Amino acid sequence: MSNDAPKSPQKILIVEDDPDISLALSSILEDAGYVVVTMDGTGDPLPVNVNDTTSLPDLILLDMLLSGQDGRELARRWKGQPSTRHIPIVMLSAHPSAAQEAQAAGANDFIAKPFEMDDLLAHVRQHLAH
Amino acid sequence: MTITPNRVRAFSHREHEYHQEGAHRPHRSEHTVQFYETDEFLVRSLGRFIREGLETGESCIVVATGAHHQRVETYLLAQGVDLHPASKQGAYLALDAEETLSAFMVAGSPDPARFTSIIGDIIERAAARGHPVRVFGEMVALLWMDGNQAAAIELERLWNDLRDNPYPFALFCAYAMGGFVGNKYSAAFAEICRQHSSVIPDENYTTLGSEEERQRAVTLLQQKASSLEKEVAERKAVEDQLRVALAAQRQLEERKNAFISMASHELKTPITSLKGFTQVLRQRLQTQADPQTLLFLDRMDVQLKKLTNLISDLLDISKMQTGMLAFRETIFDLDELVRETVENVQAAITTHHIRLRGETQAQIAGDRDRLGQVLINLLTNAIKYSPRAETVIVRLRSYDGQAEVSVQDFGIGIDREQCERIFEQFYQVADPVHTYPGLGIGLYIAHTIIERHGGRLWVESEKGAGSTFYCTLPLLKNGSVASSSCEQRESHNATRREKMKRENRADE
């Protein structure tokens, strides 16, 4: 439905290795009008052409402990790259004490799992507002 | 100052102790050590040592406690030896052990220069009479009994070193067996004694009549010594076993922690998708479904929240048990936290009205989230245990450098005997009529959190008349934190995402 939105919709990349959480997240975000790209963290860390700014996501939702690789490492890599460092990263983890680690890895925000849908959308909107 | 090991004469039955008539005469410059179990034995040995010296015209210096001086004088008088004439002639010098000791002790240990000068002078003066000098001392024993074993060992060394002075003397020292056994320094001390001294066995040996009996006694002593050694070895083995068991226990604790942490993560993962789907469904059915379907979805959501909280509590208690619960300290406005928490809890309930009265105007240093967790626990308990009431009152006040938050309910109340126990782990108020949900760890967690913040959590209650939980927290001292508290308060008031966003903008 979001594809039909008149203004080009904002794109969110979800990096999450649990397929159900990934599906729930993308359903929530798609219902809210965002374009969602998902990956499970096992493949290419950023499945886009970094030189083509139009293909870059506007926001990344990143699971901290992926089975394939460390979410924190991905965050560090993206934040260290000039072409991607401006993309806000919101980290997700079921470890409530992971907020500090997320911040240390360069994430812009942290949401504890399980999250409230309204809370998640509020965080996402805030980062995409400017 | 090198110390040459002396001949060890322990257990050599020909030269064993002063108690036996003429059995052992101190050689000049000899340092003799005697262990004793009873004062009587010491007094007899010392009496013999003095009498022998005086009879052979030697000068005797006795550095002993007041009590021992008195007892040995009485003992010698009974033996027909009066110390007063010898004392007048300068042949007998009685010094108080404590006073003498204090003359050369500096900061808890004997000062070598002072010791050599003070004791050296005394011996020199005694030697000026032109006769050999014999000295009895129990200053080392005093230090030992005082628990200052390091100083005792040092003083023992100083005495040994003093033998090299130009006025040779025979030294006799006595140590109470009781103070010598089972001390971590005893091995070091025994080693020093062995190196420099004649060591004489104690009374058990010397009171025996015949040679044969003595031989047997010596054998027994040796057996006793070897059985002691065996016991020490056994104890050491047990200690080693304990150490291994402790290390294993610690390892198990670590594994348990890692397990609980992993388990809580694993449990939260399915809850995350369940909750996500529930909320998506609720959203999608908002306009299509009947009210009951929506209500079911709401109840599912509430139950999922409960499940999440239970998992968090389990994780907390496991961390607390191993002291792994970490706090993130900030300085924050307590009234604001209470207001916020009351609003959040109120938003989720319709059965009760939470009234907030008073204010603390307090800045608190602590983990804001954890303290919020305590408040939530107190509020949900108040609601849970007052099913027929409609009001919960939260009161705020400050007094005596403390901020106090109290939560009063008008529910079932708590028996006086149970008021202390409810803060224990896994304890729940027993009610024959109702059962109340929960793990029985909430108040234990709350209590631990408050204690770790230097505060107190207690309850005043009566069965059937409701309960009031009081929680106090230390106020920040005025002035000292004025600027930093404002700064930190601001940073805390700004939500984490706003803060992070600011940093992000700075990045761009």
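The structure this text deals with has already been given above.
Just so it is clear, the structure is predicted and the values come from calculations on it, not from any experiment.

Brief notes about the interface of chain B and chain A
Right, on to step 1. Taken together, the 23 residues of chain B in the interface contact 26 residues of chain A.
Right, on to step 2. Counting only elements with at least two residues in the side of chain B that touches chain A, the list comes to helix H11 (211-285), helix H12 (291-321) and helix H18 (496-507) of chain B.
Right, on to step 3. Top element by residues in the side of chain B that touches chain A is H11 of chain B. It accounts for twelve residues.
Right, on to step 4. Considering only residue class, the side of chain B that touches chain A consists of six nonpolar, ten polar and seven charged.

A closer look at the pairing of strand E15 (residues 467-474) of chain B
Residues and elements named next belong to chain B.
Right, on to step 1. Pairing analysis gives seven bridges linking strand E13 (residues 402-409) to E15, with the strands arranged antiparallel. Paired with Ser406 across the two strands is Tyr470, which belongs to E15.
Right, on to step 2. Relative to E15, strand E14 (residues 456-461) runs antiparallel, the two sharing six bridges. Paired with Trp458 across the bridge in E15 is Tyr470.
Right, on to step 3. Counting the residues between successive antiparallel strands, the hairpin from E14 to E15 contains five residues, one of them, Gly464, with a positive phi of roughly 85°.

Let's talk about helix H1 (residues 19-31) of chain A
All names here are of chain A.
Right, on to step 1. Helix length check: H1 (13 residues) gives 18 Å between terminal C-alpha atoms against 18 Å at 1.5 Å per residue, within 8%.
Right, on to step 2. Within H1, burial applies to Ile21, Ser22, Ala24, Leu25, Ser26, Ile28 and Leu29.
Right, on to step 3. A positive backbone phi angle near 100° is found at Gly33, which sits one or two residues after H1.

Notes on the sheet that holds strand E4 (residues 89-93) of chain A
Residue and element names in this part refer to chain A.
Right, on to step 1. Taken in spatial order, the five strands make up an open sheet running E2-E1-E3-E4-E5, and their pairing is parallel. Each edge of the open sheet is held by one strand with a lone partner, namely strand E2 (35-39) and strand E5 (109-112). Taken pair by pair, the neighbouring strands of this sheet meet at an average axis angle of 20°, ignoring direction.
Right, on to step 2. With four bridges connecting them, strand E1 (residues 11-15) and strand E3 (residues 59-63) associate as parallel partners. By the bridge assignment, Leu13 is partnered in E3 with Ile60.
Right, on to step 3. Relative to the sheet, helix H4 (residues 117-128) contacts E3, E4 and E5, its axis offset from that of E5 by approximately 170°.

Quick notes on the sheet that holds E13 of chain B
All names here are of chain B.
Right, on to step 1. Spatially, E10-E12-E13-E15-E14 is the arrangement adopted by the five strands of the open sheet, whose pairing is mixed. With partners counted over all chains shown, the strands left at the sheet margins are strand E10 (353-358) and E14, one partner each. Put simply, the sheet's adjacent strands are angled 15° from each other on average, direction ignored.
Right, on to step 2. Relative to E13, helix H14 (residues 368-384) is tilted by about 25°, and along the sheet it contacts E10, strand E12 (391-399), E13 and E15.

Reading the values: rules and limits
Residues numbered from 1 in each chain as written. Chains lettered and ligands numbered in written order. Predicted model: local features only at pLDDT ≥ 70, side-chain atom pairs only at ≥ 80, totals over all residues. Contact = placed C-beta atoms within 7 Å. Helix = DSSP H or I, 4+ residues; strand = E, 2+ residues; numbered from the N terminus. Nonpolar A, V, L, I, M, F, W, Y, C, P; charged D, E, K, R; others polar. Pairing = 2+ DSSP bridges. Expected span 1.5 Å × (residues − 1). Buried ≥ 20, exposed ≤ 12 C-beta atoms within 10 Å, placed from the backbone. Axes fitted to C-alpha atoms, helices over the stretch in contact; angles between N-to-C directions.

As far as function goes, none of this settles anything; it's purely spatial.
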